[in-house]
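What follows is the residue order along each chain.
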Amino acid sequence: MSKPIADILTAMAGRRILVIGDVMLDRFVYGRTERVSPEAPSLILAADRQEQMLGGAANVAVNVLALGGLCHLVGLCGGDAIAGELAEELARFPGIEPDLVTDPTRTTTLKVRLVNPQYNTHLLRLDWEVTTAAADPILQELTRRAVAGVAQAEVVIFSDYLKGVLQPNLIQAVAAEAAQHGIPVIVDPKGQDFARYRGATIIAPNLHELSLALGRTVAQDDRAVEEAAADVTAAAGVPSVVVKRSQAGVQLVEGGRTQARFPTIARRVTDVSGAGDTLVAALGMALAAGASRPEATRIANAAAGIAVAKKGTAAATAAELSDLLLHRHEHRISAKIFGAPEALRDQVEAWQAEGLEVGFTNGCFDLLHPGHIWTLTESRNRVDRLVLALNSDASVKRLKGPQRPVQDEAARMTVAAALEAVDAVILFATDTPLDLITALRPNVLFKGGDYSLETVVGWKEVEAYGGRVEIIPYMPNSSTTEMIARMGAMDARQTGIGTGSVVPALETASPADKG
C-alpha cells in the first residue's frame, strides 16, 4: 500500500543510515579565464576564491543529514595533511559519526576542480588519490567496523568510487549481516564487475556505468534500459536496479520489468558534481522512512534534481523536497516577502553563490492585469530568480495621485508573492528604487514599457558592476488607470452594485461616473 509523500518526508527525521565507502575532499577553485598562457596553449585561471566540502561517501553522509537523518560513516583516509582537513570538515556535522581507518601509506583523496562561474564551466580537475585495494590488515579493520555498525542502522549504503575500500570480502560480510537484520543495502556502483555487489538490495548505476558493466552501449531508451537492468540482476543477483538517466530522469526495474519511471525535474543544471550521492542518500532515507521502492525512487529523483541546480557538491534538504513534491511553494508566500533590504541582499547573494542569475524589476502593481503578468513572466523566463520591488503606498500617492493605490501595500505584496514568476517581494518608499538596486546588485535589471536604456533608473550602476539591462515591451491595452475608469463607470451604471466601495474617484471621471 502506498504511503503519502508528506508522511514519508516527515518520517525521514532521525532515520539512521550506515554509509560505507570512499571518503574524499572536494575543492572548487573559481576565477576568470581572460588570457592564454604565454608558456603553453592553455588558459590562465585568475583565481579569486575557493571552497572546500566533503565528497564521495562523505557527501552521501552530508545528504543524509540534510534530509533529517543521522549517519555512521565508515571509510579510509591517509595520515597526511589532507586527512586533517577532512577531519575538520567532518567536525562541522555533528550528525555524522566518522569511523575512519587511517592508512599512513596512502594519500587521502582530494579532487580539485577549476571553474569559471561566468560560463558555468569546469576547466580542469586535479585528483590526488590511491586506487589500489586496501592492504589486508586495513581491510580487516574496515570490515570489522562496517559489520559492527549494521545492527544500529536502518539502511546501508555502499558508496563506491574505486578508491580501495569496497572489496568483495567487505561487501559480502556487510550484506550478509544486513540480511540477518532485514536491512536493505543500496549500492552506488563503479567499475566493470557488478557481480561483486551480490547480496545488495538495490543498485543505482548511471547510464554510462551500466554500459561499462555490461560491455555494451545502453541506449537512452526505456526498453533498452529495462533489458540492461535485467542483465545486471541476472549477473549480480541484485533484485532492484535504479538507473540514473541524466536528463531523462530515473527508471526503476525489478524482475526485468519497469516498476517506476520518473522524468527529471531539474529546472536548471548548474553542477552535476555529487548528484549521484544525493540520489542514493534520498533513496536510503525514504526506504528507512517506510517508502515503497517506487515511492523512494520518486523522492530520490526529486532530490537529485534539486542538487544539480546548485553550485558545487551540494545537498537537497527535506524542506526543499517538501516544496517541490508537495507544491508547497504555491502556498508559502510569506517566505517570499522581505521587510528589510539587508535580509533580501543576503538571499540574493546566496542565490548568486549557487550560480543562479537574479533579475530585478519594480512598479506599483496596484490592480494586477495581463500586462503585469506578461512583464513578470517574461522577465522570470530570462533569469533563475526574480525580485519584485513595489512602491509603498506613500510612493504610489506621489506618483499616481491621492486616490491611489486601490490596494494597500500589504495587499499588493500578498498578491505579488503568490505569483509563480516572483521569487522575492520588497517595498521601497522612495520615488525610485535606485538605492535598492545598488544594495542588491542584481545580474539583470528589467523594465517594462517604452524605455530607452538611458532612461532606466539604475542602468549605469548595474552596467558598472557587470550586470545588464533588458527592456520588456508593454502589452497593448493593459493599464490599471483604464481598468479603474471602466470599473467606476460600471459601478455608476449599476447604482451601487459592484465595486464602488473600493474604486477611487478619478480626476478624469465625469460627475455621473463619480456617483
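What you see is a predicted model, and the numbers here were worked out from it, not measured in a lab.

A. Here's a closer look at unusual backbone geometry. Phi angles above zero are rare outside glycine, and Ser-246 is one such case at about 55 degrees. Mapped onto the secondary structure, Ser-246 falls in the loop between strand E11 (240-244) and strand E12 (250-254). When its relative accessible area of 55% is taken as the criterion, Ser-246 is described as exposed. In this structure, Phe-365 is a non-glycine residue whose phi angle is positive, near 50 degrees. Positionally, Phe-365 belongs in the loop between strand E15 (358-363) and helix H12 (370-381). Overall, the relative accessible area of 10% leaves Phe-365 in the buried class.

B. Geometry of the packing of aromatic side chains. Going through the model one piece at a time under the given rule, you end up with 2 aromatic pairs. Ring centres of Phe-28 and Tyr-30 lie 6.3 Å apart, and the angle between their planes is 15 degrees; on these two criteria the pair is classed as stacked. Between Arg-49 and the ring centre of Tyr-30, over which it is positioned, the NZ or CZ distance is 4.2 Å. Lying across the ring of Tyr-465, Arg-441 places its NZ or CZ 4.2 Å from the centre.

C. Geometry of the sheet that holds E11. Overall, mixed pairing links the 9 strands, which are arranged E5-E4-E1-E8-E9-E10-E11-E12-E13 in an open sheet. Strand pairing shows two members of the sheet lacking a second neighbour, strand E5 (96-102) and strand E13 (257-262), which therefore form its edges. Sheet topology places strand E10 (residues 202-203) next to E11; 2 bridges connect them, and they run parallel. Opposite Ile-203, over in E11, you have Val-241 as the bridge partner.

D. Focus on the pattern of salt bridges. Counted according to the given criterion, the structure contains 30 salt bridges. Among the salt bridges present, the one from Arg-382 reaches Glu-378, with a minimum N-O distance of 3.0 Å. Assessed through its relative accessible area of 32%, Arg-382 is described here as partly exposed. Two residues, Glu-470 and Arg-468, come together in a salt bridge whose shortest N-O distance is 2.7 Å. Residue class for Glu-470 comes out buried when judged on its relative accessible area of 17%. Look at the salt bridges and you will find they share partners, linking Glu-357, Glu-378, Arg-382, Arg-468 and Glu-470 into a network.

E. Expanded view of the pairing of E11. With 5 of 5 residues buried, E11 lies mostly within the body of the structure. With burial as the criterion, each face of E11 is covered, one bearing Ser-240, Val-242 and Lys-244 and the other bearing Val-241 and Val-243. Inspection of the sheet shows E11 paired to E12 by 5 bridges, in the antiparallel sense. Directly across from Lys-244, in E12, lies its bridge partner Val-250.

F. Here's a closer look at the pairing of strand E9 (residues 185-188). Neither face of E9 is exposed, since Val-185 and Val-187 on one face and Ile-186 and Asp-188 on the opposite face are all buried. The sheet contact formed by strand E8 (residues 155-159) and E9 spans 4 bridges and is parallel. Across the sheet, the residue bridging to Ser-159 is Asp-188, located in E9. Assessed by its sense of winding, the connection that carries the chain from E8 through helix H5 (residues 168-181) to E9 is right-handed. Here E9 pairs with E10 via 2 bridges, running parallel. Within E10, the position partnered with Ile-186 by the bridge is Ile-202.

G. Quick look at the confidence of the model for the protein. Averaged over every residue, the pLDDT of the protein is 86; residues scoring 70 or more account for 86%. Contacts from residues 495-515, a stretch scored under 50 in pLDDT, to residues over four places away or in other chains number 24 contacts.

H. The arrangement of the sheet that holds strand E14 (residues 337-338) in detail. As summarised here, the arrangement of the 6 strands in space is E14-E17-E16-E15-E18-E19, forming an open sheet in which the pairing is parallel. Strands with a single pairing partner mark the edges of an open sheet, and in this sheet they are E14 and strand E19 (468-472). As paired elements, strand E16 (residues 385-391) and strand E17 (residues 424-428) share 5 bridges and run parallel to each other. Bridge assignment links Ala-389 to a residue of E17, and that residue is Ile-426. Across the sheet, H12 lies against E15, E16, strand E18 (444-448) and E19, angled at about 145 degrees from E16, the strand it touches most. Helix-sheet contacts for helix H14 (residues 409-417) involve E14, E16 and E17, and the interaxial angle to E17 is about 160 degrees.

I. Summary view of the side chain of Asn-59. Summarising the element assignment, Asn-59 is placed in helix H2 (residues 57-66). One polar contact links Asn-59 to Asp-277, side chain to side chain, over a distance of 3.0 Å.

J. Spatial organisation of H14. Looking only at H14, the buried set comprises Arg-412, Met-413, Ala-416 and Ala-417. Within H14, the buried residues cover an arc of 125 degrees as seen down the axis, which keeps them to one side. As for H14, its buried residues are in contact with E14, E16, helix H13 (393-400) and E17.

So, how was this worked out
Residues numbered from 1 in each chain as written. Predicted model: local features only at pLDDT ≥ 70, side-chain atom pairs only at ≥ 80, totals over all residues. Heavy atoms only, no water. Helix = DSSP H or I, 4+ residues; strand = E, 2+ residues; numbered from the N terminus. Buried < 20%, exposed > 50% of the residue type's maximum accessible area, 1.4 Å probe, protein only. Phe/Tyr/Trp six-rings, centres within 6.5 Å; stacked < 30°, edge-to-face > 60°. Lys NZ or Arg CZ within 6 Å of the ring centre and 35° of its normal. Pairing = 2+ DSSP bridges. Salt bridge = Lys/Arg side-chain N within 4 Å of Asp/Glu carboxyl O. Right-handed = clockwise from strand over helix to strand, strands pointing away. pLDDT = per-residue confidence, 0-100. Contact = heavy atoms within 4.5 Å. Axes fitted to C-alpha atoms, helices over the stretch in contact; angles between N-to-C directions. Polar contact = N/O pair within 3.5 Å; in protein donor to acceptor, adjacent residues only side chain to side chain. Arc of directions from axis to C-beta.

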